[in-house]
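Structural description and commentary
Okay, here's what each chain looks like letter by letter:
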Amino acid sequence: MCKLFFKLIAVSLRSQMQYPASFLMLLVSHFLGTLVDILGIWVLFDRFNIIQGWSLFEVGIIYGIIHMGFALAETFARGFDEFWKMIKYGDFDRVLLRPISPLMQLAASDVQIMRIGRFMQGLIVCVWSARELSIPLLSHDVLIILSCILGTACLFYGLFVIQAAISFWTVETLELMNITTFGGLQMGQYPLSIYNTTLRSLLTFVLPIACVVYYPIATILKHEALSPWIALTPMCGVIFLIA
């Protein structure tokens, strides 16, 4: 079954690579399109220098992690994002007739590798920020950062799955899910400390973006006096996806 899953992904990738020029242009456009976010953060810090005790490079770590995690989720969960079309036009019946898991078919149906452009941009910002903060490449902190990327990817992937599930009841109000996906991306790229208590609670207990990004990074950068066990909170993203 696992072999078949990767074969389906390979078919999806080969179909996209039939037009390499289009693929490269889309990859570059995703890379450049997300530059607006980091430029906005840079302008903000150029004006105020420090925000709630956070420097540009410290926020850069959070920014890089959440954009890399979101890019991974968006790359491999595009089939769930477009699932509503199958429901609306009656194409889901064809999926149910095939002798393999519908979940697997959706997961492998549309792997958009060009969205790695966002991942590359987040990686550059994260590496640049880590270098400026003198975070050693071979250290416990880097392992935490990697776990945060994985947890973030799982969290957003789970949100795309929830969006697909909602399609069984409605296909007209799915834009509301963008509040949690793209809205969560925008809110999660800043330190949690800049938000009020209500938003902090929502981003911790309802949509646990703070658990997969903010708390671990705030701990290793010594912005929060939290238990060392907080480094395990990125697993919340994995648990969210499994659930």
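Heads up: the structure comes first, above all this text.
Residues numbered from 1 in each chain as written. Predicted model: local features only at pLDDT ≥ 70, side-chain atom pairs only at ≥ 80, totals over all residues. Heavy atoms only, no water.

Looking only at helices and strands, the protein chain has 14 helices and zero strands in total. When the helices and strands of the protein chain are read in sequence order from the N terminus, they spell out α-α-α-α-α-α-α-α-α-α-α-α-α-α. Against the 2.2 N^0.38 benchmark of 18 Å for 243 residues, the protein chain shows a C-alpha radius of gyration of 19 Å, consistent with a compact globule. Expressed as lengths along the three principal axes of its C-alpha atoms, the size of the protein chain is roughly 55 × 40 × 35 Å. Expressed as a percentage of contacts within the protein chain between residues at least 6 apart in sequence, the contacts between residues at least 24 apart total 74%. A gap of 7 Å separates the mean positions of the 14 positive and 14 negative side-chain charges of the protein chain. (Helix = DSSP H or I, 4+ residues; strand = E, 2+ residues; numbered from the N terminus. Rg over C-alpha atoms; globule rule 2.2 N^0.38 Å. Contact = heavy atoms within 4.5 Å. Lys, Arg positive; Asp, Glu negative; His and termini not counted. Charge placed at Lys NZ, Arg CZ, Asp CG, Glu CD.)

So, about the side chain of Gln121. Tracing the sequence through the fold places Gln121 in helix H9 (residues 116-132). Side-chain polar atoms of Gln121 contact the side chain of Tyr63, separated by 3.0 Å. With residues near it in sequence (within four places) discarded, Gln121 still touches Phe31, Thr34, Leu35, Ile38 and Tyr63. (Polar contact = N/O pair within 3.5 Å; in protein donor to acceptor, adjacent residues only side chain to side chain.)

A few words on the packing of aromatic side chains. Under the criterion given, the structure shown has ten aromatic pairs. Summarising the aromatic geometry, the rings of Phe70 and Phe160 are spaced 6.2 Å apart at their centres and angled 50° between planes, so their arrangement reads as tilted. Here Phe70 is found in helix H4 (residues 56-76), whereas its partner Phe160 is found in helix H10 (residues 140-166), with 90 residues between them in sequence. For the pair Phe70 and Phe160, one class covers both residues: buried. Ring geometry for Phe83 and Phe92: centres 5.1 Å apart, planes at 90°, overall edge-to-face. Residue Phe83 is classed as buried on the basis of its relative accessible area, which comes to 2%. When the ring centre of Phe48 is taken as reference, the NZ or CZ atom of Arg47 above it lies at 5.2 Å. (Phe/Tyr/Trp six-rings, centres within 6.5 Å; stacked < 30°, edge-to-face > 60°. Buried < 20%, exposed > 50% of the residue type's maximum accessible area, 1.4 Å probe, protein only. Lys NZ or Arg CZ within 6 Å of the ring centre and 35° of its normal.)

With that out of the way, let us pick up a nonpolar patch on the surface. Together, Leu202, Phe205 and Val206 make up a nonpolar patch on the protein surface, roughly 350 Å² of accessible area in all. With respect to the secondary-structure elements, Val206 resides in helix H12 (residues 197-206). Under the relative-accessibility criterion, Val206 is labelled exposed at 57%. (Patch = residues over 30% accessible without salt bridge, like charges linked within 9 Å, V, L, I, M, F, W, Y side chains within 5 Å. Areas by Shrake-Rupley, 256 points an atom, 1.4 Å probe, with all protein chains shown as cover. Salt bridge = Lys/Arg side-chain N within 4 Å of Asp/Glu carboxyl O.)

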